Amino acid sequence: DAGVIQSPRHEVTEMGQEVTLRCKPISGHDYLFWYRQTMMRGLELLIYFNNNVPIDDSGMPEDRFSAKMPNASFSTLKIQPSEPRDSAVYFCASSLALGPETQYFGPGTRLLVL
Amino acid sequence: KNEVEQSPQNLTAQEGEFITINCSYSVGISALHWLQQHPGGGIVSLFMLSSGKKKHGRLIATINIQEKHSSLHITASHPRDSAVYICAVTSWNAGNMLTFGGGTRLMVKP
């Protein structure tokens, strides 16, 4: 398996624009996670899905952020409108189960909002 | 106070030195994870453990459940070990989500 795939790897956009980040989890993994990493706050969980259903989105910072998982092999994280404070690295991860189970991280999307 | 604390935050070592990174946590856990993040950003899971010790090559991870403490050791360190090492825990009380420490930035000089 190719591992968790994310696109794009880098994104530079202007404030106010819509940004869409994409993730393909490892086949067979029932759980998908979106994380954000910043220098100030480190790694934070934004939302996670189980069998394509959003389970906990309490980490989503505000209504400008939304995430979907239309099928088992694809998820998106959308920011609309984007703001400079959204600049961060966004990671997608997947795992077979929750809890004491290894999560496999994608390479991340480095987002810069000017 | 963060639920997961790592020390030191930054560490510089000479090639060949034995390195220890510490992680303390304040909650009951189902597992503790050590992750490695290289410059350029990718995150790799090194270990997941809930008791005792695990070894992989030059890396050793230990955990003391009673003391709520884990250590990551690197023997015969090499410049390619330079990375950020992140401790994270999964806790039944927190819905089994990963809760991350702040990371330890390690630089190994040749």
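Treat the numbers as computed from the prediction; the structure is a model and nothing was measured.

Thresholds applied
Residues numbered from 1 in each chain as written. Chains lettered and ligands numbered in written order. Predicted model: local features only at pLDDT ≥ 70, side-chain atom pairs only at ≥ 80, totals over all residues. Heavy atoms only, no water. Helix = DSSP H or I, 4+ residues; strand = E, 2+ residues; numbered from the N terminus. Rg over C-alpha atoms; globule rule 2.2 N^0.38 Å. Buried < 20%, exposed > 50% of the residue type's maximum accessible area, 1.4 Å probe, protein only. Contact = heavy atoms within 4.5 Å. Areas by Shrake-Rupley, 256 points an atom, 1.4 Å probe, with all protein chains shown as cover. Lys, Arg positive; Asp, Glu negative; His and termini not counted. Charge placed at Lys NZ, Arg CZ, Asp CG, Glu CD. Patch = residues over 30% accessible without salt bridge, like charges linked within 9 Å, V, L, I, M, F, W, Y side chains within 5 Å. Salt bridge = Lys/Arg side-chain N within 4 Å of Asp/Glu carboxyl O.

Participant: Got a minute to help me understand the overall build of chain B in this structure?
Facilitator: When you go through chain B residue by residue, the secondary structure sums to 0 helices and 11 strands. Here the C-alpha radius of gyration of chain B, 13 Å, is about what a compact globule of 110 residues would show, namely 13 Å. In terms of overall dimensions, chain B has a C-alpha envelope of 45 × 25 × 20 Å along the principal axes. Here chain B holds 110 residues, and the buried ones make up 46% of them. Expressed as a percentage of contacts within chain B between residues at least 6 apart in sequence, the contacts between residues at least 24 apart total 55%. With an accessible surface of roughly 5300 Å², chain B has 50% of that area assigned to carbon and sulfur atoms. Put simply, chain B has 9 plus and 6 minus side-chain charges, and the middle of one group is 5 Å from the middle of the other.

Participant: Can you walk me through a nonpolar patch on the surface in this structure?
Facilitator: Residues and elements named next belong to chain A. A surface patch of nonpolar side chains, amounting to about 290 Å² of accessible area, comprises V12, L112 and L114. With respect to the helices and strands, L112 occurs in strand β11 (residues 109-113). The class of L112 is partly exposed, set by a relative accessible area of 40%.

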